[in-house]
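For reference, the chains in residue letters:
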Amino acid sequence: MNSQIAAILTMDGVATGAIYVLIALGFVLIFAVTRIIFVPFGDITAFTALTLADLEAKRLPGTASMIAALALVAALMEVVALLRSGGASRIPRALLYYLALPLVPAAVVWATAGVMLPAPLRIALTLMLILPLAPLLDRIVFRPIADASVLLLLIVSVALHFALVGMGLLFFGPEGVRTQSLVDFSTDIAGTPVSGETLLIVGSAAFFSFLLYLFFNFTLTGKALHATAMNRTGARLMGIRPQRSGTIAFLLGSLLAAVSGILIAPVNTIFYDSGFLIGLKAFVGAIIGGLVSFPVTAIGSVFVGILESFAAFQSSPFKEVIVFSILIPVLLWRSYSFVQTEEEDEE
Amino acid sequence: MRRLALGLAAFAGLSFGATAAGAQDITVGFVTSLSGPASSIGLNYEKGINAAYAYQAEVDGHKINLVKLDDGSDPSAATQNARKLVQQNHVDLMIGTSSAPGTNAMLTVANELKVPFIGVSPVNVPIPATGHPWGIAVPQTPNLMVKVIADRMKREGIKTTGFIGFTDSWGDLVYNGAKAAEKDGDPQVTSNERYSRTDTSVTAQALKVMATKPDALLDGGSATQAALPLLEMRKLGFKGNFYGTPALLNRDFVRIGGKAAEGVQVSAGPVIVTSQLPDSHFSKKIGTTFHEVFKKVNNAEADDGFSGYSFDGWLIFLNAAKVALKTAKPGTPEFHEALMQAIYSNKDVAGVHAVYNFTPKSYYGVDARSLVVVKLVDGKWVYQP
């Protein structure tokens, strides 16, 4: 291996790692606020890529009907819950949030099916379609068991992943897709060719990380979210509704998954089941950050990307083995070097 | 009570009469996957057998009845179907199915119940120690698929070739085939790089291949994702030719591969390029007939290799039935034995894929004539003599 190869491998690793950063940040965010390890994260990424490809091929994306079905179920559950708790006056509001809003992008997509929209509009539409996905899943699957143990939430989350993969096959079909390049540009950095796509991925990851930083430190909602993550009960006493925080966390998670999906769609062929492995590797990055620290998570995810790239060069059949093996020393290091904080939950 | 007994007797007589009337008919059972994950190719097999049945549905005045069943991509359902065909439908011969595990399962049943079986997917059941096996496999072997393309590389003056393939058994089959061909003087294989269908990047593997400076690249992937290494190698500035196996003959591979896949050469059954074959080619006449019948029956072009396997299986059966009818009556164990012996004794049976010569020593009966080399030019596969 010479320095040229090392440079290309690093570049490739950083680009892959940047995708993992976006997803891993979502993992940490959702886990911190709701204690749910959101396994289907990668699937949402893959669905985004498939949706974008469907729009590009002038087909009606499967996501539209998927969202419509989920919105109906969520709205029904919300209405029943409100009726039972005697809050019938809040039903119109619930219908607006759980039924009308998610259906707007689906309706737009349905109305414009068969028309070739310009690329920025396609991307915006894809983002809007994907955004309600995680909050709706949260409402349907996790809200009824919000106070359960972390283990139960994890098991439900895994089950949800399998359900989503099945739905992916149903709604998108078995074929892989690859979308048109977002940018047609390439440059040289220190003699190493770098594609515009790579720069865009790394730039987006940095940009969204920075946005999250601003959100948490300078907005009231961000601070409320932070407070919920620190101490659920305490936040509640301060008048922050944990349910609302959860929905916002899932909405942000959906956004991060959708952005990574849009970035990854032109650089790789994505299948309905591609998301799981991407999510799992991002999860390794999140574990390095201990599922609490955003900066360490970002660094860890980039590290996973670079490690993956070099492992594939050294011994491609054992690439995954090498990447997932680092979980063992990381977990050992984390359990020895950190003082166990007192368990505040009921577990 | 007496009336019931009478009725039963009458019914038994009726059904006996019906059997007697149809005793001279030959019954063939066909199994494919019309649902489940293997259905995307299973449907092609179904269309192929429909074309075959429309092509010829009788042998020397004996009508052929075709019983078709779906195995739902499930080997255990294939086993049940095979038993049902033999024990309820009393078939004289079985053809099936669209997945390798299902085909192996049917072959095992055929060996047990001693009914001839024509496999349209690869098989790897051990040959019985005593007697002869009760089945054959129509497709080309993976080794042969690689050998034909490796020979072509050699002919084009290529000395070394890189290899990138799937991490699964298909990647192993192609790599081992290339290694076996290397021993016969075909190009030296310089790398053994692997990737999986859901990988996000093959940059590292492509770099490793580039470092060995091969003249060409052999692609051991399949379907859509086989395009990934080609795209990456071209991006890194690789100038050599690309080669592959019939696993690349896929519409989505061409779509995703785009400019990078242009010029890739793969081995393929001649049925893929029937219209481009010279008139002297064994597959030209029968292949043209196949494409015509297929179009009439299915209202679509036969642009896959799978429907051709069903059709060839039917041709092998027709040829064998012609011989077997001289010595035995359909529906009897003697007829089953005679059919199997006729499959072995018929020589040079020309189909749309290959010239078949079966022996009891192996399930496969194809040779290098069963594969031609085709090249991707402007998104179309073009025959390369």
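## Some points on the overall build of chain B
Across its full length, chain B carries 12 helices and 16 strands. In terms of overall dimensions, chain B has a C-alpha envelope of 90 × 45 × 45 Å along the principal axes. Burial statistics for chain B: of 385 residues in total, 51% are counted as buried. Sequence-distant contacts in chain B: of pairs separated by 6 or more residues, those separated by 24 or more amount to 68%.

## What to know about the sheet that holds strand β6 (residues 135-137) of chain B
Residue and element names in this part refer to chain B. Taken in spatial order, the six strands line up as β2-β3-β1-β4-β5-β6 in an open sheet, and their pairing is mixed. Since the sheet does not close on itself, it has two edges, and those belong to β2 (58-59) and β6, each with one partner. For strand β1 (residues 26-32) and strand β4 (residues 93-96), the ladder comprises three bridges, and the chain directions are parallel. Bridging across to β4, Phe-30 finds its partner in Ile-95.

## Comments concerning the packing of helix α12 (residues 275-288) of chain A against helix α13 (residues 294-314) of chain A
Residue and element names in this part refer to chain A. At a minimum axis separation of 7 Å, α12 and α13 run at an interaxial angle of 135°. What the angle tells us is that α12 and α13 run oblique. Remark: the crossing between α12 and α13 carries right-handed chirality. Of the residues in α13, those touching α12 at Lys-281, Ala-282, Val-284, Gly-285, Ala-286 and Ile-288 are Val-296, Thr-297, Gly-300, Ser-301, Phe-303, Val-304 and Glu-308.

## Things to note about the nonpolar core
A general trend in soluble globular proteins is that nonpolar side chains are found buried together. Counting 209 residues, the largest nonpolar core has A:Ile23, A:Phe27, B:Met94, B:Met106 and B:Leu339 as its most contacted members. If you count residues domain by domain, this core takes at least three from each of domain 1 (26-140 + 289-368) and domain 2 (142-268) of chain B.

## Points about the domain arrangement of chain B
Residue and element names in this part refer to chain B. For chain B, the assigned domains read domain 1 (26-140 + 289-368) and domain 2 (142-268). Of note, the centres of domain 1 and domain 2, computed from C-alpha atoms alone, are 32 Å apart. Of the residues lining the interface, four residues belong to domain 1; the matching set on domain 2 comes to six residues. Along the lines of polarity and charge, the residues of the side of domain 1 that touches domain 2 split into two nonpolar, two polar and no charged.

## Brief notes about the interface of chain A and chain B
In this assembly, 22 residues from chain A lie in contact with 20 residues from chain B. Mapped onto the side of chain A that touches chain B, the elements with two or more residues apiece are α1 (3-34), α12 and α13 of chain A. Here the side of chain A that touches chain B takes five residues from α1(A), the largest share from any one element. Tallied by class, residues from the side of chain A that touches chain B come to 11 nonpolar, seven polar and four charged.

## Thoughts on the environment of A:Leu50
Residues and elements named next belong to chain A. Turning to its location among the elements, Leu-50 is positioned in helix α2 (residues 41-56). Separated by 25 residues in sequence, Leu-50 and Ala-75 have C-alpha atoms that sit 26 Å apart. When neighbours within four sequence positions are excluded, Leu-50 is seen to be in contact with Phe-172, Val-177, Ile-270 and Tyr-272.

## A short note on the pairing of strand β15 (residues 372-377) of chain B
On a regular strand, one side chain projects to one face of the sheet and the next to the other, so that they alternate. Residue and element names in this part refer to chain B. By the bridge criterion, four bridges tie strand β12 (residues 265-268) to β15 in an arrangement that is antiparallel. Opposite Val-266, over in β15, you have Val-374 as the bridge partner. In terms of strand pairing, β15 meets strand β16 (residues 380-384) through five bridges, oriented antiparallel. In the sheet register, Val-377 faces β16, and the bridge partner there is Lys-380. The antiparallel pairing of β15 with β16 creates a hairpin that spans two residues between the two strands, and Asp-378 there sits at a positive phi of about 50°.

## Section: the confidence of the model for chain A
Looking at chain A as a whole, its pLDDT mean stands at 88, while 97% of the residues score no less than 70. Contacts of residues 342-347 of chain A to residues separated by more than four positions or lying in other chains number three contacts, the stretch itself having pLDDT below 50.

## Brief notes about helix α8 (residues 227-235) of chain B
Residue and element names in this part refer to chain B. Most of α8 sits inside the fold, with seven of its nine residues counted as buried. Buried within α8 we find Ala-227, Leu-228, Pro-229, Leu-230, Leu-231, Glu-232 and Met-233. Contacts made by the buried residues of α8 are with β7 (160-166), α7 (203-211), β10 (216-220), β11 (241-244) and α9 (251-261).

## Examining the environment of B:Ala57
Residue and element names in this part refer to chain B. Within the secondary structure layout, Ala-57 lies in the loop between α2 (39-55) and β2. A tally of 15 C-beta atoms within 10 Å means that Ala-57 is categorised as partly exposed. When residues no more than four places from it in sequence are discounted, the contact partners of Ala-57 are Lys-63 and Ile-64.

## Comments concerning unusual backbone geometry
The step from B:Gly96 to B:Thr97 runs through a cis peptide bond, and the omega angle for that step is -25°. With a phi angle near 65°, A:Arg35 is a residue other than glycine that sits in the positive phi range. Tracing the sequence through the fold places A:Arg35 in the loop between α1 and α2. Positive phi outside glycine occurs at B:His90, with the angle close to 50°. On the secondary structure map, B:His90 appears in the loop between α3 (75-87) and β4.

Reading the values: the criteria
Residues numbered from 1 in each chain as written. Chains lettered and ligands numbered in written order. Predicted model: local features only at pLDDT ≥ 70, side-chain atom pairs only at ≥ 80, totals over all residues. Helix = DSSP H or I, 4+ residues; strand = E, 2+ residues; numbered from the N terminus. Buried ≥ 20, exposed ≤ 12 C-beta atoms within 10 Å, placed from the backbone. Contact = placed C-beta atoms within 7 Å. Pairing = 2+ DSSP bridges. Axes fitted to C-alpha atoms, helices over the stretch in contact; angles between N-to-C directions. Parallel < 35°, antiparallel > 145°, perpendicular 65-115°, else oblique. Left-handed = near helix turned anticlockwise from the far one by under 90°. Core = buried A, V, L, I, M, F, W, Y, C linked by C-beta atoms within 7 Å. Domains from an automatic or database assignment. Nonpolar A, V, L, I, M, F, W, Y, C, P; charged D, E, K, R; others polar. pLDDT = per-residue confidence, 0-100.

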